[in-house]
Amino acid sequence: MPPMKKPEPTSEDLTEEMEAFRKYLKSRGFRVTREREAIAECILRNHDHFDVDELFMSLRSKTPISKASIYRAIPLLIRCGLLAEVYLEDGHMHYERVYGRELHSHLRCVNCRRIFEFSAPELALVEKRICRQEGFKSDGYKFEIWGLCSNCQDKKKKD
Ligand SMILES: [Zn+2]
Ligand SMILES: [Zn+2]
């Protein structure tokens with residue numbers, strides 16, 4: 001199965017997402033601050049997989065925000081269902097926005113570090129079966145394949 005194409009952002013209107021974030025903050029007794037909003041907006045405009053360093057670099061050009069406040073905002077965005085942890089690389093967690101996106105899994109090339117997305121509905125069946133067997137209530141699952149992409153395999157052959 002060819003990796004799924006990255007969906008183009010349908011619209012850069014983030015009203016719905018930002019409203020969900022504000023609602024979440026208020027419901028948990030957190031203040032809605034300009035800084036939290038700026039971080040959330042930057043994250044939601046990012047349709048790629050990124051780590052905190054990358055996010056920090058792209059935010060820095062627009063607003064003076066510390067890495068620490070990004071680290072504090074991320075769990076909030078995860079808990080309100082806008083963001084997800086995707087994979088760990090060299091000790092850095094990578095994230096992606098999940099709000100309004102189809103559930104998908106990842107192929108990760110350990111050589112060129114590209115990430116490919118794919119969807120495999122059969123994984124949800126496996127999840128269901130295992131949870132039934134173990135009497136487990138799932139909050140989600142992660143499936144990741146790492147190795148060499150076709151490009152990198154070709155290069156290795158030529159070397
Ligand atoms: Zn590769
Ligand atoms: Zn993804």
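Conventions we followed
Counting of residues starts from 1 at the beginning of each chain's written sequence and follows it residue by residue. The naming scheme follows written order: chains are lettered A onward, ligands numbered 1 onward. Since the coordinates come from a predicted model, pLDDT governs what is reported: local features require at least 70, and pairs of side-chain atoms require 80 or more to be given and counted, while whole-chain, interface and lining totals use all residues. Values shown for side chains rest on all heavy atoms present in the structure; no hydrogens or waters enter the calculation. With water excluded from the atoms, a metal site may look incomplete; its donors are any N, O or S atoms within 2.8 Å, or within 3.2 Å for Na, K and Ca. All geometry calls rest on donor angles, where a four-donor set with angles between 85 and 135 degrees is tetrahedral, four- and six-donor sets with opposite donors more than 155 degrees apart and all others between 65 and 115 are square planar and octahedral, and all else is irregular. Each helix is a run of H or I in the DSSP string that is no shorter than four residues. Each strand is a run of E no shorter than two, and both are numbered from the N terminus. Only protein chains enter the area calculation, which uses a 1.4 Å probe; residues under 20% of their type maximum are buried, those over 50% are exposed, and those in between are partly exposed. Geometry is summarised by axes, namely lines fitted to C-alpha atoms with helices restricted to the contacting stretch, and by angles between N-to-C directions that run from 0 to 180 degrees. Any angle that falls under 35 degrees is termed roughly parallel, while one over 145 is termed roughly antiparallel, one within 65 to 115 roughly perpendicular, and all others oblique. Left-handed describes a crossing whose near helix is turned anticlockwise from the far helix by less than a right angle; the clockwise case is right-handed. Between two residues, a contact is recorded if the distance between any of their heavy atoms is within 4.5 Å. Residues are grouped as follows: nonpolar covers Ala, Val, Leu, Ile, Met, Phe, Trp, Tyr, Cys and Pro; charged covers Asp, Glu, Lys and Arg; every other residue, Gly included, is treated as polar.

**Q** Explanation requested: the coordination of the zinc ion (ligand 1) in the structure shown.
**A** At this site the zinc ion (ligand 1) is bound by Cys-109 (SG), Cys-112 (SG), Cys-149 (SG) and Cys-152 (SG), with donor distances of 2.2 to 2.3 Å. Considering all four donor atoms around the zinc ion (ligand 1), the spread of angles at the metal, 105 to 115°, places the coordination shape in the tetrahedral class. Mapped onto the polypeptide sequence, the residues donating to the zinc ion (ligand 1) form the spacing pattern C-x2-C-x36-C-x2-C. Of this pair, Cys-112 sits in the loop between strand S3 (105–109) and strand S4 (115–118) while Cys-149 sits in the loop between strand S5 (144–147) and helix H6 (150–158), and the two are 37 residues apart along the sequence. Judged by relative accessible area, Cys-112 falls into the partly exposed class, the value being 32%.

**Q** Hey, could you run me through the packing of helix H1 (residues 15–27) against helix H2 (residues 34–45) in this one?
**A** The angle between the axes and the distance between the axes are what describe a pair of packed helices. Contact geometry for H1 and H2: axes closest at 11 Å, N-to-C directions at 140°. Put simply, H1 runs oblique to H2. In this structure, H1 crosses over H2, and the sense of that crossing is right-handed. Every residue of H2 that contacts H1 at Glu-17, Met-18, Phe-21, Arg-22 and Leu-25 is listed here: Arg-36, Glu-37, Ala-40, Glu-41 and Leu-44. Grouping the amino acids of the contact of H1 with H2 by side-chain chemistry returns five nonpolar, no polar and five charged.

**Q** How should the coordination of the zinc ion (ligand 2) be read in this particular structure?
**A** For a metal with four tetrahedral donors the ideal donor-metal-donor angle is 109.5 degrees, while six octahedral donors give ideal angles of 90 or 180 degrees. Protein coordination at the zinc ion (ligand 2) comes from His-49 (NE2), Glu-96 (OE), Glu-96 (OE), His-104 (NE2), His-106 (NE2) and Glu-117 (OE), with a distance range of 2.0 to 2.8 Å. One can describe the site at the zinc ion (ligand 2) as irregular: its six donor atoms subtend angles covering 51 to 173° at the metal. Read N to C, the donor residues that coordinate the zinc ion (ligand 2) are spaced as H-x46-E-x7-H-x1-H-x10-E. Of this pair, His-49 sits in the loop between H2 and helix H3 (52–60) while His-104 sits in the loop between strand S2 (92–97) and S3, and the two are 55 residues apart along the sequence. In terms of burial, His-49 and His-104 fall into one category: buried.

**Q** Looking at this model, I keep getting lost on unusual backbone geometry. Mind explaining?
**A** Backbone phi values are negative for most residues with the exception of glycine, while trans is the configuration of most peptide bonds. A positive phi angle is found at Asp-90, which is not glycine, with a value near 50°. Checked against the element boundaries, Asp-90 lands in the loop between strand S1 (83–89) and S2. Judged by its relative accessible area of 56%, Asp-90 falls in the exposed class. One non-glycine residue, Arg-113, lies in positive phi territory at about 65°. The exposure class assigned to Arg-113 is partly exposed, which follows from its relative accessible area of 43%.

In short, shape yes, function no, at least from these values alone.
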